[in-house]
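Below, each chain spelled out in residue letters.
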Amino acid sequence: MGDPHILSTSAALPPHYVDQETLLSAFRAQWAEKHFNLDRLEQLHRSVRVGGRHLALPLQRYMELDSFAKRNDAWIAAAVDLGEEALKRALLRADLRPADVDHLYFVTVTGLATPSIDARLVNRMGLRTDLKRAPLFGLGCVAGAAGLARAADAVRAFPGQVAALLAVELCSLTLQRDDLSVANLIASGLFGDGAAAVLIGGGDRAGRGPRVVDTRSIFYPGTERVMGWDIVDSGFKVVLSPQVPQLVRERVRSDVDSFLASHGLARRDVRHWICHSGGPRVLEAFEAALELPRSALQRTWDSLQQVGNLSSASVLFVLNDLLDSREARAGELGLLIAMGPGFCSELVLLRW
């Protein structure tokens, strides 16, 4: 029946775009009252090289959200709307109906909902009542790649079926107003809101994208405090260690080389590098570790500048940009890479 292959991808952004200078002004006004070093705030925001971000809500509405409960309620409402938009767009691109989806993997790390967002979409979109749902929380930035891998696993097991991956991240609704740690200040300048969807099929279904040749998951023991959340009374308090770029430099090359070698391949055989837009220092570490020129990750750099780091959705935005460009040619290889809380990596080998 052949490998699973990508039928379609989509990306969706909330309508409330705010440029970085306007956001910086809002943060300066908020944190000036706490006598924080505002020059340091500006330095951190400019260092992440983000030009602006799309927000789940109009900027002025965020001041009303003075509790975790209010922010999470806003997250649920916005996540359902944006998730529906992304999934509908992917279905339209694949010429499929909601009833054609057999498996739905939903990933997020920015809000909590029971029933989960995927369950709410069953009701809104007319998805089948025997849909196999798998809501995954906590994988963070790696979840776009990991979710794609798990969706491909499902299609490999059930070749005639269709699996959907939906990633929705509304990072703006997790911001801690009273946290003046460097990690929170960086996060306030780096992370944005967005959703992405991928449809994967097998058998004779036609698709616009590549085959998923293989995937690999790598967990790094003893790295739990590198990235994640501390759950506090006010919600999600970011954990973001400066170790991340160093871990990339130390581990990614050998992980990638080992994975490719298992298929008789080397880095020089990869034409398309699809990396999560983790931030400038992380991308520079990827380039150094994999000995890549800046041009190899240009789409990732562009995505970071245009919309910020969208956590799990970011690597899917880069994949969507690549497919929309129609640059890839038959027979070419791509490698999709993301890292996230655990600390861990996920690798997905693609062939057009």
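Preceding this paragraph is the structure being described.
What this report covers is the structure whose coordinates are included nearby.

Take the nonpolar core next. The biggest cluster of nonpolar side chains holds 48 residues, and the ones touching the most others in it are Trp75, Ile117, Leu127, Leu166, Leu170, Leu173 and Leu199. Looking at this core, the elements that each hand over two or more residues are β1 (5-12), α1 (20-32), α2 (38-47), α3 (68-94), β4 (103-108), α4 (117-125), β6 (162-170) and β7 (193-201). Per-element accounting of this core gives the leading share, 12 residues, to α3. Setting aside chain neighbours within four positions, we find tryptophan 75 in contact with Thr108, Thr110, Gly111, Leu112, Ala113, Ile117, Leu170 and Leu173. The next biggest cluster of nonpolar side chains, apart from the first, holds 40 residues, and it includes Val48, Cys141, Tyr220 and Trp273.

The subject of this paragraph is helix α7 (residues 244-261). Residues three or four positions apart in an α-helix share a direction because the helix packs 3.6 residues into each turn. Given a rise of 1.5 Å per residue, 18 residues ought to cover 26 Å, and the 25 Å separating the end C-alpha atoms of α7 matches this to within 8%. Where α7 bends most, at arginine 251, the angle is about 40 degrees. Residues of α7 that are buried: Val244, Pro245, Leu247, Val248, Val252, Asp255, Val256, Phe259 and Leu260. Elements in contact with the buried residues of α7: β8 (211-219), β9 (227-232), β11 (270-275), α8 (280-290), β12 (333-340) and β13 (344-351).

Look at the link from threonine 114 to proline 115: it is a cis peptide, with omega at 5 degrees. Counting through the fold element by element, proline 115 comes out in the loop between β4 and α4. Here the amide bond leading from glycine 342 into phenylalanine 343 is cis, since omega sits at -5 degrees, within 30 degrees of zero. At arginine 49, a residue that is not glycine, the phi angle is positive and equals roughly 60 degrees. At arginine 326, a residue that is not glycine, the phi angle is positive and equals roughly 55 degrees. Taking the relative accessible area as the measure of exposure, arginine 326 reaches 64% and is therefore exposed.

Reading the values: rules and limits
- Residues numbered from 1 in each chain as written.
- Predicted model: local features only at pLDDT ≥ 70, side-chain atom pairs only at ≥ 80, totals over all residues.
- Heavy atoms only, no water.
- Core = buried A, V, L, I, M, F, W, Y, C linked by side-chain atoms within 4.5 Å.
- Buried < 20%, exposed > 50% of the residue type's maximum accessible area, 1.4 Å probe, protein only.
- Helix = DSSP H or I, 4+ residues; strand = E, 2+ residues; numbered from the N terminus.
- Contact = heavy atoms within 4.5 Å.
- Expected span 1.5 Å × (residues − 1).
- Bend = angle between axes of the 7 residues up to and from the residue.

These values are about where atoms sit, not about what they do.
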